[in-house]
Amino acid sequence: MTDPRRGSNATDSLANRLSRRKFSGALAAAGALGLAGCAGNSGGGSTPTPEDEMDTPMETEAPMDTETETEETEMAPPNPDVDVLNYALTLEHLENAFYREGLEMYSDDELMMADSLSSFSETLRMQVPEYLAVVGDHEAAHVDAIAATIEDLGGTPVEEAEYDFGYSTPSEFLATAGALENTGVAAYTGAAAAIKQNAVLGAAAGIQSVEARHASFLNLINGEVPYPNAVEEAKSVDEILEIAGQFITSEVSSPAPLDGEDEPMADRKADNDVSDVDVLNYALTLEHLENAFYREGLETYSDDELMDASVLSDYGEELRMNVPDHLRLAGEHEAAHVSAISDTVEQLGGTPVEEAEYDFGYTNPSEFLGVARALENTGVSAYAGQAGTVTNDAVFGAAVGIHGVEARHAALLNELNVESPFPMAVDEPRTMSEVQEIASQFIVE
């Protein structure tokens, strides 16, 4: 049970930290992280609005006149999510230090002129320093928020280590950035099921998808596929630490096991009126929509028409010539999601919802790319909003893996529409009703 003394003040302190970093768009999701000190919230979508001006109260001295109360204080078990958060913090420290050091070492001009970017247009190359600075700000915000929440839960945050990242050129810096971000996605995907409280889970899902957005863009500029898999790969703690250990040069504490004995059940297993079949059919409704969207759009427009879309006019041939293949791969992912979710609904004894008829409203390739962006970003928020409502561990793990892939899609589509691939430090969740209102605009029958 969480300590009622660590309640709204945890939320306020975390929200204020993020607000001071001007990540107002991430406030709702990131604020949920601080709510871990309150009673568990079994819903997946909304979070209370923090009061900006509330100060953290002074600590009260523990009573000294009875041995019983002292013993009870000493015997209080640590919050089980502290171990998961410290594991995440270990990785966020590493990423934060990486960007801080690299962006101090290389000027904007040096980054833009990296050999690995030579085939890209000036438009994309000019974005790289700005976007890397944003990614660095995100990682710093994650460090601050996670460390503060660990303290609010009564734990001790792990400290930043010393590192040697091994790059010696801007191109090597960009390649290492891509490796670290993809590793971060796999770490969050693998650890999510160990989180006990929905407030922590919701924020972790929002961070996982932002890490996936970072990885998508870095894959793009490193000449790799932005989203290589239909479902994100989950890596274990040992696998992640083996990778991270290559960069750590000082002594660090090993993370505690994420699922020890006698730990409480996850809040997402709490009773609620939304069954796993209900959640899966909700996800399937969106996957049907996205699958039909790509299928119809790629039948409507040729590769040449897509490459010549006016919205892409400022980009060079290197990026534009790969757009049709990137869109086809996104479509294949959505089709794979439809098949997998439909099969799972049937295995759970349910009836999969069927594909509807749609009108997506686009009239040219640029509008098609604009609708794609809107749909993918909606998909990210939909999965984030339902993260805490799935009971079955296997279903939950797959849903987290799909969530990250939707974020990778969204990052690329944002980029193609000349918008930031990762506009927030923490992706914002939406409720079922909010997502259904958006989806209904395209459903005609």
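Every value quoted in this text rests on a predicted model; they were computed, and no experiment measured them. Think of each chain on its own: its residues are numbered from 1, step by step along the sequence as written. Owing to the predicted nature of the model, reporting of local features is limited to residues with pLDDT of at least 70; listing and counting of side-chain atom pairs is limited to 80 or more, with chain, interface and lining totals taken over all residues. Water and hydrogen atoms play no part in the side-chain values, which are based on all heavy atoms of the structure.

## Thoughts on the overall build of the protein
At step 1: Scanning the protein from terminus to terminus reveals 16 helices and 0 strands.
At step 2: Counting over 445 residues, the protein shows a buried share of 52%.
At step 3: Contact between two residues is taken to exist if any of their heavy atoms lie within 4.5 Å; hydrogens are not considered. Within the protein, residue pairs in contact and separated by at least 24 positions form 87% of the contacts whose partners lie at least 6 positions apart. Secondary structure follows DSSP: runs of H or I at least 4 residues long count as helices, runs of E at least 2 residues long count as strands, and numbering of each begins at the N terminus. Type-normalised accessible area, obtained with a 1.4 Å probe on protein chains alone, sets the label of each residue: buried when under 20%, exposed when over 50%, and partly exposed for intermediate values.

## So, the layout of surface pockets
At step 1: Residues are called lining when one of their atoms sits within 4 Å of a cavity or pocket point, these points coming from a 1 Å grid over the protein atoms alone, where a cavity is a set in which a 1.4 Å probe fits but cannot get out and a pocket is an open set with protein on both sides within 12 Å along at least five of seven lines. Grid points are joined across faces, edges and corners, and a volume is the space filled by probe spheres set on the points. As a volume, the second largest pocket reaches approximately 540 Å³.
At step 2: Taken together, 43 residues make up the lining of the second largest pocket; nearest its centre are Val395, Phe396, Ala398, Ala399 and Val400.
At step 3: Going through the elements one at a time, α4 (81-105), α7 (170-191), α8 (198-221), α10 (276-300), α13 (323-347), α14 (365-385) and α15 (393-416) are the ones with two or more residues in the lining of the second largest pocket.
At step 4: In terms of residue count, α15 provides more of the lining of the second largest pocket than any other element does, 8 residues in total.
At step 5: The residue classification treats Ala, Val, Leu, Ile, Met, Phe, Trp, Tyr, Cys and Pro as nonpolar and Asp, Glu, Lys and Arg as charged. All others, Gly included, are polar. When its residues are assigned to classes, the lining of the second largest pocket shows 38 nonpolar, 4 polar and 1 charged.

## Here's the deal with the packing of aromatic side chains
At step 1: Here the aromatic set is Phe, Tyr and Trp, taking the six-membered ring for Trp, and pairing holds for ring centres within 6.5 Å; pairs whose planes are under 30 degrees apart are stacked, those over 60 apart are edge-to-face, and all others are tilted. This model, assessed by the stated rule, comprises 22 aromatic pairs.
At step 2: Plain terms: the ring middles of Phe293 and Phe360 are 5.2 Å apart, the flat faces sit at 80° to each other, and that makes the pair edge-to-face. One end of the pair, Phe293, is in helix α10; the other, Phe360, is in the loop between α13 and α14, and 67 residues separate them in sequence. You'll find Phe293 and Phe360 in the same group, each marked buried.
At step 3: On the numbers, 5.9 Å between centres and 85° between planes, the contact of Phe293 with Tyr362 is edge-to-face. Residue Phe293 is located in helix α10, and its partner Tyr362 is located in the loop between α13 and α14; the two are separated by 69 residues in the primary sequence.
At step 4: You can call Phe293 buried: its relative accessible area is 0%.
At step 5: A network of ring pairs unites the aromatic residues Phe98, Tyr99, Tyr106, Tyr163, Phe165, Tyr167, Phe173 and Phe247 as a single cluster.
At step 6: Against the face of Phe396 rests Arg268, its NZ or CZ located 4.0 Å from the ring centre. Think of it as a cone above the ring: NZ of Lys or CZ of Arg counts as a charge over the ring if it is within 6 Å of the ring centre and within 35 degrees of the ring normal.

## Digging into the packing of α10 against α15
At step 1: For helices, the axis comes from a line fit to the C-alpha atoms of the stretch in contact; other axes are also lines fit to C-alpha atoms, and the angle between any two N-to-C directions lies between 0 and 180 degrees. At a minimum axis distance of 13 Å, the contact between α10 and α15 shows a crossing angle of 35°. Handedness of the α10/α15 crossing: left-handed. Side by side, α10 and α15 meet where Leu280, Glu287, Glu290 and Tyr294 of the first sit next to Val395, Ile402, Glu406 and Leu413 of the second.
At step 2: Taken together, the residues of the contact of α10 with α15 break down into 5 nonpolar, no polar and 3 charged. By definition, any crossing whose near helix is turned counterclockwise from its far helix by less than a right angle is left-handed, and any crossing with a clockwise turn is right-handed.

## What to know about α10
At step 1: In this model α10 runs 36 Å from its N-terminal to its C-terminal C-alpha over 25 residues, within 8% of the 36 Å that 1.5 Å per residue would give.
At step 2: For α10, a buried count of 18 out of 25 residues is recorded, marking the element as mostly surrounded by other parts of the structure. What a helix should span is 1.5 Å times the count of its residues minus one.

## Quick look at α14
At step 1: A rise of 1.5 Å per residue sets the reference length of α14, with its 21 residues, at 30 Å; its end C-alpha atoms lie 30 Å apart and thus fit the reference within 8%.
At step 2: The element α14 is extensively covered by neighbouring structure, given that 17 of its 21 residues are classed as buried.
At step 3: Any N or O atom pair separated by 3.5 Å or less is treated as a polar contact, with the protein-specific requirement of one donor-capable and one acceptor-capable atom, and with residues adjacent in sequence counted only for side-chain atom pairs. The N-cap residue of α14 is Asn364: its side-chain oxygen and the backbone nitrogen of Ser366 are 3.1 Å apart.

## Regarding the nonpolar core
At step 1: Buried residues of nine kinds, namely Ala, Val, Leu, Ile, Met, Phe, Trp, Tyr and Cys, make up a nonpolar core once their side-chain atoms join them within 4.5 Å. Of all hydrophobic cores here, the largest spans 104 residues; its most connected members are Phe165, Phe173, Phe293, Phe360 and Phe368.
At step 2: The residues contacting Phe173, other than those within four sequence positions of it, are Phe98, Tyr99, Gly102, Leu103, Tyr106, Leu111, Leu132 and Tyr167.
At step 3: Counting 6 residues, the second largest nonpolar core, distinct from the first, contains Ala215, Val380, Ala407 and Ala410.

## Concerning the confidence of the model for the protein
At step 1: With 81% of its residues at a pLDDT of 70 or more, the protein shows a mean pLDDT of 84.
At step 2: Per-residue confidence from the predictor is reported as pLDDT, a score between 0 and 100. Of the regions scoring below 50 in pLDDT, residues 1-73 engages in 109 contacts with residues more than four places distant in sequence or in other chains.

## Details of the packing of α10 against α13
At step 1: For the pair α10 and α13, the least separation of the axes is 8 Å and the interaxial angle reads 150°. Between α10 and α13, the angle is such that the two are roughly antiparallel. Crossing handedness for the pair α10 and α13: left-handed. Counted together, Val277, Leu280, Asn281, Ala283, Leu284, Glu287, His288, Glu290, Asn291, Tyr294 and Leu298 of α10 and Leu327, Arg328, Ala330, Gly331, Glu334, Ala335, His337, Val338, Ile341, Ser342, Thr344 and Val345 of α13 form the full contact between these two elements.
At step 2: Its residues assigned to classes, the contact of α10 with α13 comprises 12 nonpolar, 7 polar and 4 charged. Throughout, the term roughly parallel applies to angles under 35 degrees, roughly antiparallel to angles over 145, roughly perpendicular to angles from 65 to 115, and oblique to all others.

## Quick word on the pattern of salt bridges
At step 1: The term salt bridge refers to a pairing of a side-chain nitrogen on Lys or Arg with a carboxyl oxygen on Asp or Glu at a separation within 4 Å. Within the structure shown, the criterion is met by 10 salt bridges.
At step 2: The partner of Arg100 in a salt bridge is Glu160, and the shortest N-O contact between them spans 2.8 Å. Note that Arg100 is positioned in helix α4 and Glu160 in the loop between α6 (122-152) and α7, a separation of 60 residues in sequence.
At step 3: Among the residues examined, Arg100 registers a relative accessible area of 34% and is labelled partly exposed.

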